[in-house]
Amino acid sequence: RGGGAITALAFSPDGNMIAAGGHDRCVSLHEVCERPAFPDASETGPELPDVDLVRRARCKGHSSTITSVDWSGDSCSLRSTCRGYEILHFSSPSGRQAVGDFRDAEWREWTSPLGFQVMGIFGENA
């Protein structure tokens, strides 16, 4: 269980996981598990999958509210940023903090205001 509002949310590229970060300074990783639709659902319209979210891990380490979450293209890692201007990397689905060189990592989307690709675009006193 987390506390407070969710401030960042992202589905993994493969659609199997969702990451939710918030005021509790953590990112929760949830597996998306499909359930069979109700048998009579097709009578009222197109059958939509019913899903459960099962928490698999809680990524910890930030000092402030989470502001962004991005997944790697292969859904094996994610990065998160916080209002304390920290950028952390985690492995999925374990949620363990990943340490290494992420300079050339391929990210599915770029919602982070921090990272190697944006170094130097802000002024010295920005």
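Nothing here was measured: the structure is a model prediction, and the numbers come from that model.

A. Seen up close, the sheet that holds strand 6 (residues 77–82). If you walk across this open sheet you meet the 3 strands as 5-6-7, and the pairing is antiparallel. At either end of the open sheet lies a strand with only one pairing partner, and these are strand 5 (66–71) and strand 7 (87–91). With strand direction ignored, the average angle separating the axes of adjacent strands in the sheet is 20°. Of the strand pairs in this sheet, strand 5 and strand 6 are connected by 5 bridges, and their pairing is antiparallel. For I66, the partnering residue across the bridge sits in strand 6 and is C82.

B. Examining the packing of aromatic side chains more closely. Under the definition given, this model contains 1 aromatic pair. For the cation-ring pair, R79 lies above W110, with the distance from its terminal atom to the ring centre recorded as 3.8 Å.

C. How the structure looks around the pairing of strand 6. Counting buried positions over the 6 residues of strand 6 gives 6, a clear majority of the element. What you see with strand 6 is no split at all: S77, R79 and T81 on one side and L78, S80 and C82 on the other are buried throughout. Taken together, strand 5 and the strand that follows it, strand 6, pair antiparallel across an intervening segment of 5 residues, in which S75 is found at a positive phi of about 65°. Pairing between strand 6 and strand 7: 5 bridges, direction antiparallel. Counterpart to S77 in the pairing with strand 7 is S91. Where strand 6 folds back on strand 7, the antiparallel hairpin that results is connected by 4 residues, among which Y85 adopts a positive phi of roughly 60°.

What counts and how
- Residues numbered from 1 in each chain as written.
- Predicted model: local features only at pLDDT ≥ 70, side-chain atom pairs only at ≥ 80, totals over all residues.
- Heavy atoms only, no water.
- Pairing = 2+ DSSP bridges.
- Helix = DSSP H or I, 4+ residues; strand = E, 2+ residues; numbered from the N terminus.
- Axes fitted to C-alpha atoms, helices over the stretch in contact; angles between N-to-C directions.
- Phe/Tyr/Trp six-rings, centres within 6.5 Å; stacked < 30°, edge-to-face > 60°.
- Lys NZ or Arg CZ within 6 Å of the ring centre and 35° of its normal.
- Buried < 20%, exposed > 50% of the residue type's maximum accessible area, 1.4 Å probe, protein only.

In short, the description is geometric, and any link to function would need to be established separately.
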